[in-house]
Amino acid sequence: MNMELFLKLISLFLSMQFLGSECQTNAKWLQPAGIETDFQLHHTITKEKVPLIVKNKTFITWYICGPTVYDSAHIGHASTYMRFDIIRRILQKYSDKSIVQAMSITNIDDKIIAKSAETGLQWEVLTKTYEREFFSDLASLNIAKPTIVARATDHIPQMISFIERLIQKNLAYRSADGSVYFDLQNYAKGGKFRTVDVSQPGNEFKKCAADFALWKAAKPSEPFWKSPWGPGRPGWHIECSAIASKYFGDSIDIHSGGYDLIFPHHENEETQCCAYHEVNQWVNYWIHSGQLFLAKDSQKMSKSLKNTISIRDFLNSYSRDHFRMLCFMSNYRSNIEFSDELMDMSVNYYTKFVNFFDGCLAYINGYSTKGDIDGPKLLQILNETKINVMKAVRDDFNTEACLTHLFHLIHETNKMLFPDSGNRNPVAVALVYQYIYDTLNEFGFSFGDSAADADSKLNARLEAVIDTTVTFRDKVRTAALQSNGDNKNDLLQLCDQARRELQCQGINIKDNKNQKSTWTYSEPKEK
């Protein structure tokens, strides 16, 4: 037997030995049927670009993992949400489709419970405070709010139902302490992102070490919810699976998050959802963003490492457009090594656009008498730029190349704007100015729109006031319904009166049986 054949036999033998002890990686991507978009994007599972094909003609479904609201957000968080905000805006502009984006809010977990104990604040107050701060910070960066914001604790019934179905399928089991774990040994299709080793023994509660918690049994003095397995709270991974399944069902176009969420969070999400929905592919396109590091720091920015810069501190030194440029000038999949030098580059890039706009407006309005504009040539370069920018953003959202093409157009225009004399052609210059300004504006650059920033912060505060008012009314109404006292009808009439008065201001309250009251806003009608 020659050596090459011998090594092949050894390799085959070893692979057979491990076949029964691991969930083999199922990294094959299944190209979905649907509507072609002319976009190519990098798929985390295949590690290569694939065509973006979506389910619906008019909209794209997108699920994004949101924050755990136990502390203030920092610019590491913001870089992820900023990059996906840019991609969302690109898709909306160039795919001619609306984006329906749902974001989870993890408002119960170990860190929240620990912070509540540390501060003495009730966990509900703590999480609502940081949730409002989070969305206020996003608004200050001009990051669009998701279409759907879904708090974990508002979806406990969906999570319990999800877990019950997995137990019925013999893919989950209740442990001795009342927790519930996913049974990886009974599910052969796990391991989309990474081969999962199920050979390692578990402990007194888990069959194997890799099994992950779907439901955590309650501990003394911790928040809990009733369930068929006893009091407890949901595991982290089940939150996203149950929420995304509620809104988007058994198939999602896009699911995104930072690279740090790939394993185990997204791995476990995909595994339990494929098992629950009985499909081979739950998410059609997984996209992940690089992380932000402090220069010369090998670890990502993290609250636990105390190497963070808060969004509010950052905005004391730079503008939201400076931060957007920081994220725009690199590939969304690459890490950002944050430093003063890199921010100087971002500010310089942004300033180039601002100075160009000032020069164009001076020329268009006749304040500058310089310029020798070759109209046909400039319009040809403009058309080439439009084509090249469209190609760049459709090629895995290549904002780096997009910047290169825009700067080339600026360079060619400036060469014509600064000769001492020559042909005036304000129309051609105006077309260039309008294209670059509109394009950057559609990508989220606001160019110092402080009024919009103030409005967004005010809106965030008003939403908090309305939330508090509706919650208080709901508690009074619930207490009245459960009471047999003499003032029951008076309290209910006061609740109805409050609803009518708020409705006059466009705040429409809907009372739901056995659930919290909800509210929506519409423009108040003229009397």
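**As for the overall build of the protein chain**
Here comes step 1: From N to C terminus, the protein chain includes 15 helices and 17 strands.
Here comes step 2: For the protein chain, with 527 residues in total, the buried portion stands at 48%.
Here comes step 3: Summed over all atoms, the accessible surface of the protein chain reaches about 26,400 Å², with 51% contributed by carbon and sulfur.

**Examining the packing of helix α10 (residues 340–364) against helix α12 (residues 399–417)**
Here comes step 1: At a closest axis distance of 11 Å, the pairing of α10 and α12 adopts a crossing angle of 40°. Every pair of crossing elements has a handedness; the one defined by α10 and α12 is left-handed. Counting all contacts with α10, which are made through Tyr349, Lys352, Phe353, Phe356, Cys360 and Tyr363, the residues of α12 involved are Leu403, Leu406, Phe407, Ile410, Thr413, Asn414 and Leu417.
Here comes step 2: Of the residues contributing to the contact of α10 with α12, the split by class is ten nonpolar, two polar and one charged.

**Quick word on helix α9 (residues 320–328)**
Here comes step 1: Among the nine residues in α9, nine count as buried, and that is most of the element.
Here comes step 2: When we look at burial in α9, the residues that qualify are Arg320, Asp321, His322, Phe323, Arg324, Met325, Leu326, Cys327 and Phe328.
Here comes step 3: One side-chain oxygen at the N-terminal end of α9 lies 3.3 Å from the backbone nitrogen of Asp321; it belongs to Ser319.

**A look at the nonpolar core**
Here comes step 1: One finds Leu91, Phe353 and Ile436 to be the most contacted residues of the largest nonpolar core, which totals 129 residues.
Here comes step 2: When residues of this core are assigned to their parent elements, the largest contribution, ten residues, is made by helix α2 (residues 75–94).

**Some remarks on the sheet that holds strand β11 (residues 232–234)**
Here comes step 1: Read across the open sheet, the four strands follow the order β7-β8-β10-β11; overall the sheet is antiparallel. Every interior strand has two partners, whereas the edge strands, β7 (172–174) and β11, have only one. Neighbour-to-neighbour, the strand axes of this sheet turn through a mean angle of 20°, independent of strand direction.
Here comes step 2: In this sheet, β11 lies alongside strand β10 (residues 213–217) in antiparallel orientation, the contact comprising three bridges. The partner of Ala217 across the bridge, within β11, is Gly232.

**Topic: the sheet that holds strand β13 (residues 283–289)**
Here comes step 1: Spatial strand order, β6-β5-β4-β12-β13: five strands in an open sheet with parallel pairing. Looking at the sheet topology across the chains shown, the edges are occupied by β6 (148–151) and β13. Neighbouring strand axes in the sheet, compared pairwise and without regard to direction, differ in orientation by 20° on average.
Here comes step 2: Relative to β6, strand β5 (residues 98–105) is paired through four bridges, and the arrangement is parallel. Across the sheet, Ala102 pairs through a bridge with Ile148, a residue of β6.
Here comes step 3: Relative to β5, helix α4 (residues 123–140) is tilted by about 145°, and along the sheet it contacts β5 and β6.

**Notes on the pairing of β13**
Here comes step 1: Most of β13 is tucked away, with seven of its seven residues classed as buried.
Here comes step 2: Where strand β12 (residues 252–258) and β13 come together, six bridges link them in parallel fashion. When the bridges of β13 are listed, Ser256 appears paired with Ile287.
Here comes step 3: Regarding topology, helix α7 (residues 262–277) serves as the crossover connection from β12 to the parallel β13, and that connection is right-handed.

**Concerning the packing of aromatic side chains**
Here comes step 1: Under the definition given, this model contains 29 aromatic pairs.
Here comes step 2: Its guanidinium or amino end placed over the ring of Tyr94, Lys93 lies 5.0 Å from that ring's centre, counting from NZ or CZ.

**A word on the side chain of Thr61**
Here comes step 1: Along the polypeptide, Thr61 turns up in strand β4 (residues 59–64).
Here comes step 2: For Thr61, a relative accessible area of 3% translates into the label buried.
Here comes step 3: Setting aside its immediate chain neighbours within four residues, Thr61 contacts Lys55, Val100, Phe248, Ile252, Asp253 and Ile254.

**So, the environment of Gln92**
Here comes step 1: With respect to the secondary-structure elements, Gln92 resides in helix α2.
Here comes step 2: Sequence separation between Gln92 and Phe443 is 351 residues, and the spatial gap between their C-alpha atoms is 9.9 Å.
Here comes step 3: Apart from residues no more than four positions distant in its own chain, Gln92 is found in contact with Lys97, Ser98 and Ile99.
Here comes step 4: For Gln92, the side chain forms a polar contact with the main-chain nitrogen of Ile99, separated by 3.3 Å.

**Notes on the pattern of salt bridges**
Here comes step 1: Taken as a whole and assessed by the stated rule, the structure comprises 20 salt bridges.
Here comes step 2: Residue Arg151 is joined to Glu131 by a salt bridge in which the shortest nitrogen-to-oxygen separation is 2.8 Å. One end of the pair, Arg151, is in strand β6; the other, Glu131, is in helix α4, and 20 residues separate them in sequence.
Here comes step 3: The buried category is assigned to Glu131, whose relative accessible area is 8%.
Here comes step 4: Between Arg499 and Asp496 there is a salt bridge, and its shortest N-O distance comes to 3.5 Å.

**Let's talk about a nonpolar patch on the surface**
Here comes step 1: Residues Leu379, Val427 and Leu431 make up a contiguous nonpolar surface patch of about 250 Å² in total accessible area.
Here comes step 2: Secondary-structure assignment places Leu431 in helix α13 (residues 426–442).

**Some thoughts on α2**
Here comes step 1: Here α2 spans 28 Å end to end across 20 residues, near enough to the 28 Å set by a 1.5 Å rise per residue.
Here comes step 2: Across the 20 residues that make up α2, a large majority, 16, are buried.
Here comes step 3: Where α2 ends, the next residue or the one after it, Asp96, has phi of about 60°, a positive value.

**Focus on unusual backbone geometry**
Here comes step 1: The omega angle of the peptide bond from Phe263 to Pro264 is 10°, so this bond is cis rather than trans.
Here comes step 2: Relative to the helices and strands, Pro264 is located in helix α7.
Here comes step 3: Phi at Asp38 takes a positive value of approximately 70°, unusual for a residue other than glycine.
Here comes step 4: Residue Asp38 is classed as exposed on the basis of its relative accessible area of 60%.

Calculation rules
- Residues numbered from 1 in each chain as written.
- Predicted model: local features only at pLDDT ≥ 70, side-chain atom pairs only at ≥ 80, totals over all residues.
- Heavy atoms only, no water.
- Helix = DSSP H or I, 4+ residues; strand = E, 2+ residues; numbered from the N terminus.
- Buried < 20%, exposed > 50% of the residue type's maximum accessible area, 1.4 Å probe, protein only.
- Areas by Shrake-Rupley, 256 points an atom, 1.4 Å probe, with all protein chains shown as cover.
- Axes fitted to C-alpha atoms, helices over the stretch in contact; angles between N-to-C directions.
- Left-handed = near helix turned anticlockwise from the far one by under 90°.
- Contact = heavy atoms within 4.5 Å.
- Nonpolar A, V, L, I, M, F, W, Y, C, P; charged D, E, K, R; others polar.
- Polar contact = N/O pair within 3.5 Å; in protein donor to acceptor, adjacent residues only side chain to side chain.
- Core = buried A, V, L, I, M, F, W, Y, C linked by side-chain atoms within 4.5 Å.
- Pairing = 2+ DSSP bridges.
- Right-handed = clockwise from strand over helix to strand, strands pointing away.
- Phe/Tyr/Trp six-rings, centres within 6.5 Å; stacked < 30°, edge-to-face > 60°.
- Lys NZ or Arg CZ within 6 Å of the ring centre and 35° of its normal.
- Salt bridge = Lys/Arg side-chain N within 4 Å of Asp/Glu carboxyl O.
- Patch = residues over 30% accessible without salt bridge, like charges linked within 9 Å, V, L, I, M, F, W, Y side chains within 5 Å.
- Expected span 1.5 Å × (residues − 1).

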